[in-house]
Amino acid sequence: MSERGGDGSGHGDHPPTGAPPATPQPPTGARPAPGGGAPAGGAATGPADPLEPWPETVHWQPVSSDLIKVEALRLGIGVLVVLAGLGLGLALTGHWFFGLALGVVVLLTLWRLTVIVRAVRAWGYAERDNDLLVRHGLLVRRLSIVPYARMQFVDVTAGPLERAFDLATVQLHTAAAASDARVPGLRPAEASRLRDRLTALGEDRAEGL
């Protein structure tokens, strides 16, 4: 006569000798990702930001931090003209409005200087096999992808302030004006190298079309 394991001794909880171990089941609601990847709801493997489409494969080149000084001086020249006008009005009339306007201009200038620092640090470019990537912007972020085959010509410009800080800007011109892009804050040697390389790549890709 066979023994029964329902007496609470626990003998009935053991599987028969030689039986394969039970396979653990996934928690309720977990679904394996297609292709055997991580289950849905796990860590995302793809980029979350559409303006950072290749965070692991693209090496972004920053622009020179001296561009901050150039932009700050440009801002300062305009602000000095405004402050001079408001100060003259305050001295001649003594009206409170001019004093208030002076305070507002100073506050806006400080805010603008903070934005300039962050905006310059947001600039970056990356050279790939078939195109050039340029990113910039803070509140409105922009990622430009310029195929080499669409480039018509590339030039290098440098204004008086840029030359004072040994900087230059590379301007890309394409068949569609809306797709033009520029890379400011480059050293002249790097700007010339980038211009020559982009021009050569553009000619090679255009011939291959």
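Residues numbered from 1 in each chain as written. Predicted model: local features only at pLDDT ≥ 70, side-chain atom pairs only at ≥ 80, totals over all residues. Heavy atoms only, no water.

Student: Run through the layout of surface pockets, naming residues and quoting values.
Tutor: Taking a probe equal in size to a water molecule and rolling it over the atoms shows the remaining empty space. Taken as a whole, the largest pocket spans an internal volume of roughly 450 Å³. Contributing to the lining of the largest pocket are 20 residues, with R112, V115, I116, A119 and V120 lying nearest its centre. Contributions of two or more residues to the lining of the largest pocket are made by α1 (66–93), α2 (96–122) and β7 (181–186). Per-element tally for the lining of the largest pocket: the top contributor is α2, with eight residues. Its residues assigned to classes, the lining of the largest pocket comprises 10 nonpolar, four polar and six charged. (1 Å grid on protein atoms, 1.4 Å probe; cavity = no way out; pocket = protein on both sides within 12 Å on 5 of 7 lines; lining within 4 Å. Points joined across faces, edges and corners; volume = space filled by probe spheres on them. Helix = DSSP H or I, 4+ residues; strand = E, 2+ residues; numbered from the N terminus. Nonpolar A, V, L, I, M, F, W, Y, C, P; charged D, E, K, R; others polar.)

Student: Could you give an account of the pairing of strand β2 (residues 124–127), naming the residues involved and the relevant values?
Tutor: Relative to β2, strand β1 (residues 61–62) is paired through two bridges, and the arrangement is antiparallel. The residue bridging Q61 from the neighbouring strand is Y125, located in β2. Across four bridges, β2 lies against strand β3 (residues 131–136) in antiparallel orientation. Within the sheet, the bridge partner assigned to A126 lies in β3 and is L133. (Pairing = 2+ DSSP bridges.)

Student: Could you give an account of the nonpolar core, naming the residues involved and the relevant values?
Tutor: Membership of the largest hydrophobic core comes to 25 residues, with the highest contact counts inside it found for L132, M151 and L198. Taken together, the elements giving at least two residues each to this core come down to α1, α2, β3, β5 (151–157), β6 (168–174), β7 and α4 (188–208). A total of four residues in this core trace back to one element, the largest contributor, which is α4. (Core = buried A, V, L, I, M, F, W, Y, C linked by side-chain atoms within 4.5 Å. Buried < 20%, exposed > 50% of the residue type's maximum accessible area, 1.4 Å probe, protein only.)

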